[in-house]
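Each chain is listed here by its residues.
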Amino acid sequence: MEVRATTVQTKSAQCECAVFGNGKKPLVILPGIFTKSLMPFAQGVAERYQKFLDGYKIYLLDRPLNPPATCDAAFLAKAAAECFDALGVKGACVVGISAGGIAAQALAASRPDLVAKLFLGSTTANTKEAAAIIENWARLADQERLSELNQAFAQAVYTPSFYERYEDAIMASLAGATGDELKRFATFARALLGFDASDILPKIKCPILAVGAGLDKIFGADAAPKIARLAGSSARSYVYKNYGHAVYDEAPDYVNRIYEFFEG
């Protein structure tokens, strides 16, 4: 399958984007934070979303390349909205994973024309309880303690059994981040601090499915149900009881759940 990488230049930011799929319905993936560019992993994402390829045109939209030193969820949502506009995307099915789900909530509330359905995976309506973990990641990135950062990140994200089984592959995927990439990672980590969607979620009118995990060490087991409660009648939630934060990588039926929501 063809995966085309492009750079989207907007007024607020420059973002890398991978495009794949042969369909007409737009689907945008807003991923979580990562120490490196996600473009080298785009082929793997396309293979994971193979079920979507005939019906959808999919955009894997990475975080801005040139964020301001201090930014927040509102900036990330604004940057994403400008990228949607530049790409000519409107009325999309949006997948927001982890930090991408935080930006997606702000995006759907501020630009309802861009989002037709919203899938929120392993994300939260309030980052207060996760602040210590996020700040520790940012501190390790500031100090360029890459090995410690990668281990802390992986052990928080994956269940112990999955991490032990795939430790070599996981650590290889995280290895090699440059000083500039670590600085950018710290900026995006701190952009999540202080996020509170209590006033944002009730403004979102499109259908929402929030999916969480019972063993999520970052946002907790109640994060997805809380999103649904705050969003009201347009939202529902589901919790994978025996998975951690990276349930999106670990649960074999995860992508099918996304597909059924968007097709329903």
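Just above, that's the structure.
Keep in mind that what you see is a predicted model, and the values were worked out from it rather than measured.

Undergrad: What exactly am I supposed to notice about the sheet that holds strand 2 (residues 14–20) here?
TA: Backbone-to-backbone hydrogen bonds join strands into a sheet, with any given pair of strands oriented parallel or antiparallel. With mixed pairing, the eight strands of this open sheet are ordered in space as 1-2-4-3-5-6-7-8. Because the sheet does not close on itself, it has two edges, and the strands there are strand 1 (4–9) and strand 8 (235–240). The mean angle between the axes of side-by-side strands here comes to 20°, regardless of whether they run parallel or antiparallel. One ladder, built from five bridges, connects strand 2 with strand 4 (residues 56–64); its direction is antiparallel. Note on strand 4: the bridge partner recorded for Ala 18 is Leu 60. With respect to the sheet, helix 10 (residues 254–263) is in contact with strand 3 (25–30), strand 4, strand 5 (92–97), strand 6 (115–121), strand 7 (208–213) and strand 8, its orientation differing from that of strand 6 by roughly 155°.

Undergrad: Mind showing me how you'd approach empty space enclosed by the protein here?
TA: Remark: the empty space left among the atoms is shown by a probe the size of a water molecule rolled over them. Evaluation of the coordinates by the stated rule reveals one cavity of 30 Å³ or more. Looking at the largest cavity, its volume works out to about 170 Å³. Lining of the largest cavity is provided by 16 residues; of these, Asp 62, Arg 63, Pro 64, Leu 76 and Ala 103 occupy positions nearest its centre. Broken down by secondary-structure element, the contributors of at least two residues to the lining of the largest cavity are strand 4, helix 2 (73–87) and helix 3 (99–110). At four residues, the largest contribution of residues to the lining of the largest cavity is made by strand 4.

Undergrad: For this particular structure, what's the right way to read the packing of helix 4 (residues 131–142) against helix 5 (residues 146–157)?
TA: Helix packing geometry: the angle between the two helix axes and the distance between the axes. Packing of helix 4 against helix 5 brings their axes to within 9 Å, and their N-to-C directions diverge by 160°. Comparing the axis directions of helix 4 and helix 5 gives the class roughly antiparallel. As helix 4 packs across helix 5, the resulting crossing turns out to be left-handed. Where helix 4 abuts helix 5, its residues Asn 136, Trp 137, Leu 140 and Ala 141 lie against Glu 148, Leu 149, Ala 152, Phe 153 and Ala 156.

Undergrad: Where do I start with the packing of helix 2 against helix 3 in this structure?
TA: Closest axis-to-axis distance for the helix 2/helix 3 pair is 8 Å, and the angle between their directions is 70°. Between helix 2 and helix 3, the angle is such that the two are roughly perpendicular. In this structure, helix 2 contributes Ala 73, Leu 76, Ala 77, Ala 81 and Phe 84 to the contact, and helix 3 contributes Ile 102, Ala 103, Ala 106 and Leu 107. In the contact of helix 2 with helix 3, the residues fall into nine nonpolar, no polar and no charged.

Undergrad: Could you clarify how one ought to interpret the nonpolar core in this entry?
TA: One broad rule of soluble globular proteins: the nonpolar side chains tend to lie buried together. Residues Leu 118, Phe 119, Tyr 254 and Phe 262 are the most contacted members of the largest nonpolar core, which totals 107 residues. Looking at this core element by element, the count peaks at nine residues for helix 2. The contacts of Leu 118, once residues within four sequence positions are left out, are Val 94, Ala 104, Ala 108, Ile 204, Cys 206, Pro 207, Ile 208, Leu 209 and Phe 261.

Undergrad: Would you mind showing me how to read the pairing of strand 8 here?
TA: Looking down a regular strand, the side chains alternate between one sheet face and the other. Pairing of strand 7 with strand 8 involves six bridges; the strand directions are parallel. Residue pairing for strand 8: Leu 209 is matched across the bridge by Arg 236. Assessed by its sense of winding, the connection that carries the chain from strand 7 through helix 8 (residues 223–231) to strand 8 is right-handed.

What counts as what
Residues numbered from 1 in each chain as written. Predicted model: local features only at pLDDT ≥ 70, side-chain atom pairs only at ≥ 80, totals over all residues. Heavy atoms only, no water. Pairing = 2+ DSSP bridges. Helix = DSSP H or I, 4+ residues; strand = E, 2+ residues; numbered from the N terminus. Axes fitted to C-alpha atoms, helices over the stretch in contact; angles between N-to-C directions. Contact = heavy atoms within 4.5 Å. 1 Å grid on protein atoms, 1.4 Å probe; cavity = no way out; pocket = protein on both sides within 12 Å on 5 of 7 lines; lining within 4 Å. Points joined across faces, edges and corners; volume = space filled by probe spheres on them. Parallel < 35°, antiparallel > 145°, perpendicular 65-115°, else oblique. Left-handed = near helix turned anticlockwise from the far one by under 90°. Nonpolar A, V, L, I, M, F, W, Y, C, P; charged D, E, K, R; others polar. Core = buried A, V, L, I, M, F, W, Y, C linked by side-chain atoms within 4.5 Å. Buried < 20%, exposed > 50% of the residue type's maximum accessible area, 1.4 Å probe, protein only. Right-handed = clockwise from strand over helix to strand, strands pointing away.

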